[in-house]
Amino acid sequence: MGIDTKQAISRRQFTAGTLAASALAMLAGCSGEAGAGAGSASSGSSSSDRVFRCYLSEPAYIDPNNAQETQGALVVHALFDPLVTWDWSTNAAVPLAAAELPSISEDGLTYTFKLREGMTFHNGDPVDAESFRRGWERLADPNLATPSEIGYHLSPVLGYAEMAAGEATSMAGLACPDELTFQVTLIAPMADFLAVCCHPGLSPVPQAALDDQASFLEAPIGNGPFMMDGAWQHNQYINLVRFDDYYGEAPAIEGIYFDIKADPDTAFSEFEAGDVDFAPIPTGRIQDTIDAYGKSEDGYTAESGKQVLTGSQANTYFITLNISDPILSDVNVRRALSLAINRQNIVDTLYEGTRAVATSIFPPVIDDDPEDAWEYCTYDTERAGQLLDKAGYPADENGKRNLTLTLSYDGGRGHEDIMSSIQADLANIGVTIEQESLEWAALLPRLGDAQFQMGRSGWTADYPTMDNFLYPNFYSTANDNSSTFNNPDIDAALDAARQITDDEDRKVAYRQICHAIGQDVPVIPIMHAAHNYVVSERVKSFMFDAQLLGDFKNAEIA
């Protein structure tokens, strides 16, 4: 999910974003049935007492092929089951569609997964090894009508690069020895590979995903506990119903009604009116809401009387800097901008102290070692001014520095106050910031194509590893490297760190890489998000994890 959309951005950026947005617009309003085996809720209705009514802002995609942001990933997570999933109580991958954890060859290259028997897709097709190969190869296929932007998750797999480049029609590292055996061979050992397999985008798909790509975009056919009830009604709702032929334990709820709202404050108002079960809490209302509804004991699990979720997220909110821009190519300018931002003020005044000031790209829930800290993530306006002087932007008699930059962000999604605070901080050191408010769908391709100077961004873990915060954002060829950061030494260090099998040694290597990236300041970390959500009292139990994925399968309504 990478770029984060809720409190930060959507997880991924699109290099072909304009085409993707056009395709979605063309398909908006299409309808169709998802297939047999559904429950009884009707499209567009959330009236059932057993339907979970969940706020959502408009996703980019709900096809696992592009589960690249938090909004879409939340839906994909309910529709599809990958091989394994992350268990936050043990901090380890556990089997899901796989019958057990895979056997791994002695050289660490080949993973052999045995699938559960009797699994079917929502249209009745069997879930077999071939359906996993089909799903994974879609991520690498450049010839799809809507190619994947998250295929790099499979870059460790043998044959991915060749297929993604159009030099092969299949991935050499994927094999199906029999119907229930799925085998994956890597280019080199990768200690975190099982965590990668937890990503909802690495799910199986039926043949229909290839036969009718346009319909699959709007009404994906999954293998998870819930299924589509009609097609995605853009900017209105997505309705899911319980899949009665699900291989696992049947969900207690009948369905999920994703109520799409452009304004999260509207969702909170509807929560107060009793029309929504899950909503974000507006700025300045967190403590009042805790007083009214009670606070979750662990920060992630809501129950009646303990309904406000405040758990730390595997998320970093940051400003990405286009270092190919003539002004921002100067590291002293980038360092000065970072030093001038009063992160503590943002956290205290806008979030009532419920978020943590960022000192690096790693959120504390991923790693909180002091080695991670970035030198230029402190607040030091005097030093910032000295660096701007050195960069050739001296202050005049009025304190102005003849330096103007544009800060682009997605408007109408709760970021305006943060952008204004940053604007004021930079004005204090003589830098003029012009705000550019864009639709989210317009901002994403700008970030992906480096058509910006400063851009609001962020990252929510696709899988909870240190590598996932570094590789996608800073590896020179990664799709989400919106800053255009390119350091061959960092690339080599990341490649090497992925192969370290000892957990502690691997962490040490990633900490050193993180610290080195911080010296170049390709992004400006601002804060690490925490949940600020409230769940209705009619919900007996609901868990919303640090990756912003909801456990709808085990949700209960009183």
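The preceding data block contains the structure.
Residues numbered from 1 in each chain as written. Predicted model: local features only at pLDDT ≥ 70, side-chain atom pairs only at ≥ 80, totals over all residues. Heavy atoms only, no water.

Participant: Give me the lowdown on the layout of surface pockets, citing residues and values where you can.
Facilitator: Roughly 680 Å³ of internal volume is contained in the largest pocket. Only β3 (92–95), α5 (193–196) and α17 (503–520) provide two or more residues apiece to the lining of the largest pocket. Here the lining of the largest pocket is built from residues that sort into 18 nonpolar, four polar and six charged. (1 Å grid on protein atoms, 1.4 Å probe; cavity = no way out; pocket = protein on both sides within 12 Å on 5 of 7 lines; lining within 4 Å. Points joined across faces, edges and corners; volume = space filled by probe spheres on them. Helix = DSSP H or I, 4+ residues; strand = E, 2+ residues; numbered from the N terminus. Nonpolar A, V, L, I, M, F, W, Y, C, P; charged D, E, K, R; others polar.)

Participant: Run through the side chain of H531, naming residues and quoting values.
Facilitator: Mapped onto the secondary structure, H531 falls in the loop between β19 (523–528) and β20 (533–535). Of the polar contacts made by the side chain of H531, one reaches the side chain of Q313; its length is 2.9 Å. Among the polar contacts made by the side chain of H531, one reaches the main-chain carbonyl oxygen of F544 at a distance of 3.0 Å. (Polar contact = N/O pair within 3.5 Å; in protein donor to acceptor, adjacent residues only side chain to side chain.)

Participant: I'd like a description of the packing of helix α10 (residues 331–339) against helix α12 (residues 381–391), backed by residues and values.
Facilitator: At a minimum axis separation of 8 Å, α10 and α12 run at an interaxial angle of 160°. Relative to α12, the element α10 is oriented roughly antiparallel. Seen along the crossing, α10 lies across α12 with a hand that is left-handed. Along its contact with α10, which presents N332, V333, R335, A336 and L339, the element α12 presents T381, R383, A384, L387, L388, K390 and A391. Class assignment of the residues belonging to the contact of α10 with α12 gives a composition of seven nonpolar, two polar and three charged. (Axes fitted to C-alpha atoms, helices over the stretch in contact; angles between N-to-C directions. Parallel < 35°, antiparallel > 145°, perpendicular 65-115°, else oblique. Left-handed = near helix turned anticlockwise from the far one by under 90°. Contact = heavy atoms within 4.5 Å.)

Participant: So what about the side chain of N315? Which residues, and what values?
Facilitator: Mapped onto the elements of the fold, N315 is located in strand β14 (residues 315–321). Here the side chain of N315 touches T460 through a polar contact of 2.9 Å, side chain to side chain.

Participant: Outline empty space enclosed by the protein, supporting the account with residue identities and numerical values.
Facilitator: Taken as a whole and judged by the stated rule, the model has two cavities of 30 Å³ or more. As a volume, the largest cavity reaches approximately 60 Å³. In terms of lining, the largest cavity is formed by D63, N65, R138, L144, A145, T146, A209, Q213 and L217. Grouping the amino acids of the lining of the largest cavity by side-chain chemistry returns four nonpolar, three polar and two charged. Considering only enclosed or pocket space, the second largest cavity measures out at about 40 Å³ in volume. Along the walls of the second largest cavity sit 10 residues, with F318, T320, N473, D480 and S482 positioned nearest its centre. Residues of the lining of the second largest cavity, tallied by class, amount to two nonpolar, seven polar and one charged.

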